[in-house]
Amino acid sequence: MHSKKWLVLLSLSLILLLTAAVGVVFFTFGQNESRPAPQILHIQPQQVNEQAIDAFKEWKKADAPLMPTGTDDIFYAMTADGDVSFFKKDGQSFSSLRADGQYKMVLSCSREEIPVTITYIEQDGRTEGYGLFVNRDPAAQVHYYEYAFCRLCTPPASLAKDDDLLLMLDYSPARLYAEKEYGDLFYYNPADGQLTPVFSQAQRGLDKGAKLRTDYSVITDYTLEKNQNPFLFFSGRMYTTDSGQYDIYATGTKDAYNTDNNRFVKDVLAPVFYQINGKVTYWQEKTTGNGFVLTDTDGQQFFAFDGSFNDDYLLHEELLLQKSNGQILNVCSGQTSAVPLTVVSNAIALNSSKNGRYFAVLAEDEQKGATIYFYDTQQQTSFMSSDPVWMQTVGIHVTDDGCFVVCVAYDEGAQNVRHYIYSF
C-alpha cells in the first residue's frame, strides 16, 4: 500500500517537473514576515486613555486597515473576505473613491482553476487593483491553495510590455496587512484576459509538496518602484525551500536557454537593494566575524554593523534601526537620527515617508503597554505617545507631508479598526 502511494507521488512530481516550463502554477510558501501580528488586548475605543490620543487630529472607524497603493495619496482597504475599497487623502482626511471596475480572471494552478476578482481604480494615468483568493470551502475544486493576494498595476518602464498590466501575487496570509513579497509576476492583457509569466519558467523547481516554488522570482513594492534596466529581482531557487535566503537576479534577453534569469549577486540578507553612486548595493553577512555590511557589486563597503541582522536591527526600505542604541541610518543619504526611547530595544515596527523626511517607530513597553514615536528629520521635532492600545497597531503609514496614520485593530482579524491621525 505504501509503495503504491509513493509511486503515485513520484509520478506526480515527474509530471509537474516536465510541465514546469509551460505551466502557470501558484502555491503557498512560508517567508519571514515583515512584523509580528498585533497583540489584541481587547481594549475598546472607549477604554483608550484620552491623553494617548488627544494630540491626534482625527480618527475614523473602518472595516479594514488603510494600505498605500503605488499612487501618491491613494489608499485601499481590503477585508479578509476580499472586499476592496479606495480612499483619497486630502490633508488629514480620507474621502471614499468609487472603483472604476473589476477584472474577473481565472488563475491556472496545478490543473486547478482559481477564480479571482480584481477591483481597480485609475488615477493619474495609472491602474491600481487588488483581489484576494481564500479557500474556505471544503467542497471546492481547489485543493492545493489556501490563499493568494493579488495586486494589479501599471508596470514600471523597465517592465513595460505593450498595453499589458502587471499582476503580482503574495502567498502568505500573515502579510495581508504587512509588506508584501510577491512570489509570482505576470502580464495581464485586459483586452483578451490572457496571463503570461514575466520571467521564463524553464529552471523552476519544486517545493516539498511537489508544487513549483514561489521563491523562484520575488519582488516587493519598494524594489518594483526603484527598479531600472536591467530589471532586478530576487530568487531563493539555489537554497532549500523556505530558507529565507535570496540571490539577486538580473533580466536579459529571453530565449530557450532562459537567459532572462541571470544570477547577479549571491546570498543577500533581505529582499531589498539600492542604487548608490550608480551601483547596485545590498546587505550581506561579513566574510569574517559577526555582523553584516552594505556593499556594492564592486565590493565597496558603505556601512558595517555587528550583531544579528534579524534580531538586533529593524530594516524598512532605506532605514536601518539599531535597537541597542536607537540609531536610525538612512543608507542612501547617509543621514543618521537617534530615537530617544528607553524601550527602543523592544522596537517591533519601523516606517517612513517616501521622501525620507519623516519616520515612525513602534516599541513594546512593559510599563506603558506600547510607545509610538514620530520624528521630522528636517525640523528635528518629535512626538511620542504611550498606551496599551498601540500594541494593537496593525500598521503605521507616513506620508510626505508629515501625516502619520496609525491603524489600530479591535478584533483578532483586524476587521474592526480605527485610524488615528497625527500631523506635525
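## Digging into the overall build of the chain
Here comes step 1: A tally of regular secondary structure across the chain gives three helices and 30 strands.
Here comes step 2: Relative to its full complement of 424 residues, the chain shows a buried share of 52%.
Here comes step 3: Excluding contacts between residues fewer than 6 apart, the proportion of contacts in the chain whose partners are at least 24 apart in sequence is 47%.
Here comes step 4: For the chain, the computed accessible surface area is about 19900 Å², with 48% contributed by carbon and sulfur atoms.

## Considerations on the confidence of the model for the chain
Here comes step 1: Per-residue pLDDT for the chain has a mean of 86; in total, 88% of the residues score no lower than 70.
Here comes step 2: Every residue in residues 1-34 scores below 50 in pLDDT, and together they form 64 contacts with partners more than four places removed in sequence or on other chains.

## Notes on the packing of aromatic side chains
Here comes step 1: Taken as a whole and judged by the stated rule, the model has 36 aromatic pairs.
Here comes step 2: When the centroid spacing of 3.8 Å and the interplanar angle of 15° are considered together, the rings of Tyr76 and Tyr130 count as stacked. With Tyr76 in strand β3 (residues 74-78) and Tyr130 in strand β8 (residues 126-134), the pair connects residues that are 54 residues apart, well separated along the chain. Accessibility assignment for this pair places Tyr76 and Tyr130 in one class, buried.
Here comes step 3: Arranged with centres 4.5 Å apart and planes meeting at 15°, the rings of Tyr103 and Tyr120 form a pair that is stacked. Taken as a pair, Tyr103 in strand β6 (residues 101-109) and Tyr120 in strand β7 (residues 112-123) lie far apart in primary sequence, 17 residues in all. Of the two residues examined, Tyr103 and Tyr120, each falls in the buried class.
Here comes step 4: Clustering of aromatic rings is evident, with ring pairs tying together Phe56, Tyr358, Phe374, Phe383, Trp390, Phe404, Tyr420, Tyr422 and Phe424.
Here comes step 5: The side chain of Lys180 reaches across the aromatic face of Phe149, ending 4.6 Å from its centre.
Here comes step 6: Against the face of Tyr216 rests Arg237, its NZ or CZ located 3.8 Å from the ring centre.

## Focus: the pattern of salt bridges
Here comes step 1: Evaluated as defined, the whole model comprises 14 salt bridges.
Here comes step 2: In this structure, Asp215 engages Arg213 in a salt bridge whose closest nitrogen and oxygen atoms are separated by 2.7 Å.
Here comes step 3: Taking relative accessible area as the criterion, Asp215 reaches 7% and is therefore assigned buried.
Here comes step 4: Judged by its relative accessible area of 9%, Arg213 is buried.
Here comes step 5: A salt bridge links Lys279 to Asp298; the nearest nitrogen and oxygen atoms lie 3.2 Å apart. One end of the pair, Lys279, is in strand β17 (residues 279-285); the other, Asp298, is in the loop between β18 (292-296) and β19 (301-305), and 19 residues separate them in sequence.
Here comes step 6: By relative accessible area, which is 56% here, Asp298 ends up exposed.

## Some thoughts on the sheet that holds strand β20 (residues 313-316)
Here comes step 1: Judged by pairing direction, the sheet is antiparallel, and its four strands sit side by side in the order β20-β21-β22-β23 without closing on themselves. Since the sheet does not close on itself, it has two edges, and those belong to β20 and β23 (336-338), each with one partner. Each strand axis lies, on average, 20° off the axis of its neighbour in the sheet, ignoring direction.
Here comes step 2: Pairing between strand β21 (residues 319-322) and strand β22 (residues 327-330): four bridges, direction antiparallel. Bridge pairing in β22 places Leu320 opposite Leu329.

What counts, and where the lines are drawn
Residues numbered from 1 in each chain as written. Predicted model: local features only at pLDDT ≥ 70, side-chain atom pairs only at ≥ 80, totals over all residues. Heavy atoms only, no water. Helix = DSSP H or I, 4+ residues; strand = E, 2+ residues; numbered from the N terminus. Buried < 20%, exposed > 50% of the residue type's maximum accessible area, 1.4 Å probe, protein only. Contact = heavy atoms within 4.5 Å. Areas by Shrake-Rupley, 256 points an atom, 1.4 Å probe, with all protein chains shown as cover. pLDDT = per-residue confidence, 0-100. Phe/Tyr/Trp six-rings, centres within 6.5 Å; stacked < 30°, edge-to-face > 60°. Lys NZ or Arg CZ within 6 Å of the ring centre and 35° of its normal. Salt bridge = Lys/Arg side-chain N within 4 Å of Asp/Glu carboxyl O. Pairing = 2+ DSSP bridges. Axes fitted to C-alpha atoms, helices over the stretch in contact; angles between N-to-C directions.

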